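Remarks on the overall topology
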Amino acid sequence: MSNASGVNPRTIAELVVQLGRIIHGSGYSGGLAPAQWSALRYLSRANRFSRTVSAFAEFHSTTRGTASQTVKGLVGLGYLSRNRSPRDGRSARLDVTDDARALLARDPSEDLVRAAGTLSATARNHLATGLERLLGYLAQRSGKRMFGVCTFCTHLEEERCQREEMTRFECTFFGELLEEAELEQICINFQPSEKSAMRRAYDRKSPS
Ligand code: SF4
């Protein structure tokens, strides 16, 4: 599969597509369809600014109408609740219910998590960097939004408070303080910082 000049890029593309196909195919379980699993996964990982129908539509690369139907079905099944957003009273924030969390414990895509866990720490780091770069490149080419977490976002500010021996985290985009637990949640307004491999790939001039 590899030689002195490295693995053929086409082989990598085929492997990524094959992984996606397997995960998509495993999504017909628990009485749900793959798009519904995708919505539950996204909404259980998204931060409070990103748990909306339109954010899910962008994440899932689908239309707002299709995303709305997916969400409606999950609300009907008792897996999602619509709550008024405290920041913006006009929009509804979607929250996963306890039933959804119990279902997510049996998420078929957890097999992929377990498979990733069999790799060494070095292999995982290389793979994550490579996949991030692929995402950044494709986002740049297609003009699609990148999703990511605060720890790699340019809008995150950290301030160490010596007296209280704690670190204060703030999002300069939303102008709000963040809990430490929120730093690893997915955000629709993510802007990759210099330390993100996604940013380096996004900034690189792509071939025309
Ligand atoms: S720091 Fe970035 S990723 Fe985190 S909430 Fe703000 S915009 Fe979103």
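Just so you know, these numbers come straight off a predicted model, no measurement behind them.

Nonpolar side chains in soluble globular proteins tend to be buried together. Membership of the largest hydrophobic core comes to 24 residues, with the highest contact counts inside it found for Leu 32, Leu 40, Tyr 42, Leu 74, Tyr 79 and Leu 80. Those elements that provide at least two residues to this core are helix H2 (34–45), helix H3 (53–59), helix H4 (64–76), strand E2 (92–96) and helix H5 (98–104). If one sorts the elements of this core by residue count, H2 sits on top with five residues. Structurally, this core is a two-domain feature, drawing no fewer than three residues from each of domain 1 (9–111) and domain 2 (147–191). Formed by nine residues, the second largest nonpolar core is a distinct cluster that contains Leu 156, Phe 169, Phe 174 and Cys 187.

What follows concerns the pattern of salt bridges. Summed over all chains, the structure comprises nine salt bridges. Glu 176 is the partner of Arg 48 in a salt bridge, and the nearest nitrogen-oxygen pair spans 2.7 Å. Of this pair, Arg 48 sits in the loop between H2 and H3 while Glu 176 sits in strand E6 (residues 176–178); the two residues are 128 residues apart in sequence, bridging distant segments of the chain. Between Asp 111 and Arg 114 there is a salt bridge whose closest N-O contact spans 2.8 Å. On the criterion of helical spacing, the pair formed by Asp 111 and Arg 114 is a turn pair, its members being three residues apart in helix H6 (residues 110–117). Each of the salt bridges in this network shares a partner with another, and the network as a whole consists of Arg 48, Glu 176 and Glu 182.

With that settled, the discussion passes to the sheet that holds strand E4 (residues 156–161). Ordered in space as E4-E5-E6, the three strands form an open sheet in which the pairing is antiparallel. The outermost strands of the open sheet, each flanked by one partner alone, are E4 and E6. Across the sheet, the mean angle separating the axes of adjacent strands is 35° when strand polarity is ignored. Pairing of strand E5 (residues 166–171) with E6, which is carried by three bridges, proceeds in the antiparallel orientation.

Okay, the domain arrangement of the protein next. By domain assignment, the protein separates into domain 1 (9–111) and domain 2 (147–191). Here domain 1 and domain 2 have C-alpha centroids that lie 24 Å from each other. Both faces considered, domain 1 and domain 2 share a buried interface measuring about 1,200 Å² in area, 54% of it formed by carbon and sulfur atoms. Considering only the side of domain 1, the residues that lose the most area to domain 2 are Arg 45, Arg 48 and Phe 49, jointly responsible for 44% of the buried surface there. At the junction of domain 1 and domain 2, the tally comes to two salt bridges. Taken together, the links from domain 1 to domain 2 amount to seven residue pairs in polar contact (both at pLDDT 80 or more). Every element with two or more residues in the side of domain 1 that touches domain 2 is listed here: H2 and H3. Element by element, the count of residues in the side of domain 1 that touches domain 2 is highest for H3, at three residues. In the side of domain 1 that touches domain 2, the residues fall into five nonpolar, two polar and four charged.

Cut-offs used in this document
Residues numbered from 1 in each chain as written. Predicted model: local features only at pLDDT ≥ 70, side-chain atom pairs only at ≥ 80, totals over all residues. Heavy atoms only, no water. Core = buried A, V, L, I, M, F, W, Y, C linked by side-chain atoms within 4.5 Å. Buried < 20%, exposed > 50% of the residue type's maximum accessible area, 1.4 Å probe, protein only. Helix = DSSP H or I, 4+ residues; strand = E, 2+ residues; numbered from the N terminus. Domains from an automatic or database assignment. Salt bridge = Lys/Arg side-chain N within 4 Å of Asp/Glu carboxyl O. Pairing = 2+ DSSP bridges. Axes fitted to C-alpha atoms, helices over the stretch in contact; angles between N-to-C directions. Buried area = accessible area lost by both parts, 1.4 Å probe. Polar contact = N/O pair within 3.5 Å; in protein donor to acceptor, adjacent residues only side chain to side chain. Nonpolar A, V, L, I, M, F, W, Y, C, P; charged D, E, K, R; others polar.

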